[in-house]
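# Structural description and commentary
The residues making up each chain are set out below.
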Amino acid sequence: MSIFRHRPLGLPALALLLGVAGCSFADDSASVAVPSPAAKTAALCRELDRALPSRVDGQDRRDPTPASPLTAGWGDPAIILRCGVERPAKMTDQRVSEGGDPDAVAGGVDGVDWLMEKQDDGAYRFTTANRRAYVEVRVPKGRDTSSVLVDLAPAMKKAIPEGIAD
């Protein structure tokens, strides 16, 4: 007997099919651009990845896609870390060092120097300064930025030595 001789599937089966087709099997992790640093910097970033905490600001680690030892994430909306980024232009802007830029400020948290830049959407971008690799951390609007930086400081100090990035 041929399977094609059976009765049509009917409305319930059609509804099930449409429901399944509408589901996405992709995970809901954030998507980020993976930096392309020089080999020496990439090695430091891999060390940082091994040293990063499993929780930041009370949020579990949920790495973004595509998976890479150069990126990490925590929570939803995600706190995103990217290691091996380019030096931000504002890092050498005289107005920032003199306190004349309302959207960027230099400072330190728990032994790690950062450039803080407020983003148009209310989020903040922090980039390490005075370390052998530039590490960027994006903190979504509404999160406690100081606890994020305090939580990340031990890993930064352990994996990324002080100095000037290449």
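Bear in mind the structure is a predicted one, so any value in this text is a computation, not a measurement. (Residues numbered from 1 in each chain as written. Predicted model: local features only at pLDDT ≥ 70, side-chain atom pairs only at ≥ 80, totals over all residues. Heavy atoms only, no water.)

### Side note on the sheet that holds strand S6 (residues 112–118)
Quick note on the threshold: One requirement defines pairing of two strands: DSSP has to find at least two bridges between them. Under the scheme used here, helices are H or I runs from DSSP no shorter than 4 residues and strands are E runs no shorter than 2 residues, and both carry numbers assigned from the N terminus. Only C-alpha atoms enter the line fits that serve as axes; for helices the fit covers just the stretch in contact. Angles between N-to-C directions range over 0 to 180 degrees. Whether two residues are in contact is decided by their heavy atoms: any pair within 4.5 Å suffices.
As summarised here, the arrangement of the six strands in space is S3-S4-S8-S7-S6-S5, forming an open sheet in which the pairing is antiparallel. The open sheet has two free edges, formed respectively by strand S3 (71–74) and strand S5 (104–109), since each of these has just one partner strand. Along the sheet, successive strands turn relative to each other by an average axial angle of 20 degrees, direction set aside. Bridge analysis of S6 against strand S7 (residues 124–129) gives six bridges, and the strand direction is antiparallel. The partner of lysine 118 across the bridge, within S7, is tyrosine 124. The strands touched by helix H4 (residues 145–159) within the sheet are S3, strand S4 (79–83), S5, S6, S7 and strand S8 (135–139), with S8 carrying the most contacts at an inclination of about 155 degrees.

### Quick look at the packing of helix H2 (residues 39–51) against H4
Relative placement of two packed helices is described by the angle separating their axes and the distance separating the axes. Rules: Working rule for handedness: look at the near helix, and if it is turned counterclockwise from the far one by less than a right angle, call the crossing left-handed; if clockwise, right-handed. In the scheme used here, Gly and all other residues not listed as nonpolar or charged are polar, with Ala, Val, Leu, Ile, Met, Phe, Trp, Tyr, Cys and Pro taken as nonpolar and Asp, Glu, Lys and Arg as charged.
Where H2 contacts H4, the axes come no closer than 9 Å and their chain directions differ by 140 degrees. Between H2 and H4 lies a crossing whose hand is right-handed. Contact with H2, carried on its side by Leu44, Glu47, Leu48 and Ala51, involves Ala155, Met156, Lys158 and Ala159 of H4 and no other residues of that element. Of the residues in the contact of H2 with H4, the class split is six nonpolar, no polar and two charged.

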